[in-house]
Each structure stands twice: as structure tokens, then as C-alpha cells.
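Read off the chains here:
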Amino acid sequence: TQLLEQSPQFLSIQEGENLTVYCNSSSVFSSLQWYRQEPGEGPVLLVTVVTGGEVKKLKRLTFQFGDARKDSSLHITAAQPGDTGLYLCAGALAGGTSYGKLTFGQGTILTVHP
Amino acid sequence: DTAVSQTPKYLVTQMGNDKSIKCEQNLGHDTMYWYKQDSKKFLKIMFSYNNKELIINETVPNRFSPKSPDKAHLNLHINSLELGDSAVYFCASSRQGRGITDTQYFGPGTRLTVL
């Protein structure tokens, strides 16, 4: 059983469509991060959310942290081919003793067709 | 300048061999990590060092041994390689490793294939 359940695993859409990726858990997280990974490269941090209910925007990307800090979502408006990649959510468990330890979701492979 | 670099980029080897992967960061960070990403893209932490001290050691076979000669370097040595070790291994670093908002910077990965 995954600590962070990410869905969907695969998403194939047309340019201009909107999409949402979800990251859910039964555990509480101190913070939750979203990364994007392109083929042949390492993940790159997009955003960190730390407060329950927090919403952050990065151009066409909107990130939300659930009120109870157990879930998060990433919404992309008017997707473009350049958004294609692997999106990963990662969380630091609340009360965790191993600082710096991130638990990752399974990832969402997004393909945006022109 | 590359912030987190790994060598080699690709590693193809036979079962039973011993191999090492090197990682260097020039960001002045105190904490470094090794992650394993399997064929389904699942990323899992293996080890973490803070200022050359081991602070995270997940359930990893003892064939895997990390070594940090200084805080800018974290190498991963793997003994008696097995087929299941085939994966992409990522090195990462962060400023402190203690803050809940600490950003981890990942290297480009090393694709290990065990034949």
C-alpha cells in the first residue's frame, strides 16, 4: 500500500484542455511538494505547500493543499505540449523524525498532444 | 555549472559485479540523498547524509553502501549486483535537510542495467 496515492497514473489530452492530478493519503503531512520530471533528467521542484487549505499558483498551474493536510491537487489550465512530463507529489510526514525524508507518490505521466 | 552531477550516466554490467556511482554537488548544501526510481517511475529514498553523517537509512540490502568523503560528495557502492538492482539512481541535495520546506535538487540520474 502506497502512503501517497497519486492519480491518474497516465493522462493523455489535447492541447487547450484542463486537467487535475490528485495526491491522497490517510496520513498527515507537514508539507507537500510537487515535482516535474522530464525524460533523462531528475525531478525539479515546482511548489511546496505547508498550510492546510493553501492554494498556490504558478502561471497556468494551481496547487492546493487539503484542509487536513492529507491530500493535494495540481490543476493545469489550457495544457500545452510543453507541459508533457512526469508529475510527482512528495510529502514530509508530520511528526517524522527523519528530517529531509520525502515520501513520493507513484507519479502521473502527462502527455499533451498538439 | 551543473548543481548536482552524477557519474556515470549509464552503467551496464553483469550480475555479481561490484560497481560505484559518484555524486557531487556544488551548491554548498549540507544534506545529500540517494533515491532509486524503478521501471514504473516510483521514486524511493535509500539514504541521506547530513554533513557526512548518515541520517536516513531505509530498508536497503546491505550490498548497498553509501560513502560521503566530504559534504559535497556522496557515492554509492553496490556489491554483488542483482537483476532487481536495475533502475535509475538519483542523487539529490538540500540546504539543511531539516526544514519542511527544504528544496531538494536532483542530479540527472544514473541508469543501471544489470544483465
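Figured I'd write up the structure that's included with this text. (Residues numbered from 1 in each chain as written. Chains lettered and ligands numbered in written order. Predicted model: local features only at pLDDT ≥ 70, side-chain atom pairs only at ≥ 80, totals over all residues. Heavy atoms only, no water.)

**Examining the overall build of chain A**
A count of helices and strands for chain A gives zero helices and 11 strands. Tracing chain A from N to C terminus, the helices and strands come up as β-β-β-β-β-β-β-β-β-β-β. Here chain A has a C-alpha radius of gyration of 14 Å; the compact-globule value for 114 residues is 13 Å, and the two agree. Looking at the 114 residues of chain A, the share that counts as buried comes to 46%. Excluding contacts between residues fewer than 6 apart, the proportion of contacts in chain A whose partners are at least 24 apart in sequence is 57%. Accessible area of chain A: about 5,300 Å², with a carbon and sulfur share of 50%. For chain A, the distance from the average site of its 8 positive side-chain charges to the average site of its 9 negative ones is 8 Å. (Helix = DSSP H or I, 4+ residues; strand = E, 2+ residues; numbered from the N terminus. Rg over C-alpha atoms; globule rule 2.2 N^0.38 Å. Buried < 20%, exposed > 50% of the residue type's maximum accessible area, 1.4 Å probe, protein only. Contact = heavy atoms within 4.5 Å. Areas by Shrake-Rupley, 256 points an atom, 1.4 Å probe, with all protein chains shown as cover. Lys, Arg positive; Asp, Glu negative; His and termini not counted. Charge placed at Lys NZ, Arg CZ, Asp CG, Glu CD.)

**Quick notes on the side chain of B:Gln37**
Within the secondary structure layout, B:Gln37 lies in strand β4 (residues 31–37). At 3.0 Å, the side chain of B:Gln37 and the side chain of A:Gln37 are in polar contact. From its side chain, B:Gln37 meets the backbone oxygen of B:Lys41 in a polar contact 3.0 Å long. Excluding anything up to four places from it in sequence, B:Gln37 contacts A:Gln37, A:Leu86, B:Phe42, B:Leu43, B:Ala87, B:Val88 and B:Phe90. (Polar contact = N/O pair within 3.5 Å; in protein donor to acceptor, adjacent residues only side chain to side chain.)

**Some words on the state of the cysteines**
By the definition in use, this model includes two disulfides over all chains. Covalently, A:Cys23 is tied to A:Cys89 through a disulfide, its sulfur atoms 1.9 Å apart. Disulfide A:Cys23 to A:Cys89: torsion about the S-S bond roughly 65 degrees, handedness right-handed. Of this pair, A:Cys23 sits in strand β3 (residues 19–24) while A:Cys89 is found in strand β9 (residues 85–93), placing the two residues 66 residues apart along the sequence. With respect to class, A:Cys23 is no different from A:Cys89; both count as buried. A sulfur-sulfur separation of 1.8 Å characterises the disulfide bridge that pairs B:Cys23 with B:Cys91. Between B:Cys23 and B:Cys91, the S-S torsion sits near -75 degrees, and that sign places the bridge as left-handed. Placement of B:Cys23 in strand β3 (residues 19–25) and of B:Cys91 in strand β9 (residues 87–94) is noted, with a sequence separation of 68 residues between them. Comparing B:Cys23 with B:Cys91 shows no difference in burial state: the two are buried. (Disulfide = S-S within 2.5 Å.)

**A few points about the sheet that holds strand β8 (residues 71–76) of chain A**
Residues and elements named next belong to chain A. Pairing within the open sheet is antiparallel, and its five strands lie in the order β1-β3-β8-β7-β6. Each end of this open sheet is capped by a strand with a single partner; those strands are β1 (5–7) and β6 (55–58). Between one strand axis and the next, the sheet turns through 15 degrees on average, direction left out of account. (Pairing = 2+ DSSP bridges. Axes fitted to C-alpha atoms, helices over the stretch in contact; angles between N-to-C directions.)

**Some words on the packing of aromatic side chains**
With the rule as written, the count across this model stands at eight aromatic pairs over all chains. Aromatic side chains B:Tyr35 and B:Phe106 sit 5.2 Å apart centroid to centroid with 45 degrees between the ring planes, which places their arrangement in the tilted category. Pair noted here: B:Tyr35 is in strand β4 and B:Phe106 is in strand β10 (residues 105–106), with a separation of 71 residues, a long-range link. Classification of B:Tyr35 as buried rests on a relative accessible area of 0%. Ring geometry for B:Phe90 and B:Phe106: centres 6.4 Å apart, planes at 80 degrees, overall edge-to-face. Here the residue B:Phe90 occupies a position in strand β9, and B:Phe106 occupies one in strand β10, the gap between them amounting to 16 residues. You can call B:Phe106 buried: its relative accessible area is 11%. In this structure an aromatic cluster arises from ring pairing among A:Tyr35, A:Phe104, B:Tyr33, B:Tyr35, B:Phe90 and B:Phe106. (Phe/Tyr/Trp six-rings, centres within 6.5 Å; stacked < 30°, edge-to-face > 60°.)

**Digging into the pairing of strand β2 (residues 10–13) of chain B**
All names here are of chain B. In β2, alternate side chains face the same way, and those of Leu11 and Thr13 are buried while those of Tyr10 and Val12 on the opposite face are not. As defined by bridge partners, β2 adjoins strand β11 (residues 110–114) across four bridges and the pair is classed as parallel. What sits directly across from Leu11, in β11, is Leu112.

Any functional reading would require information beyond the geometric quantities listed.
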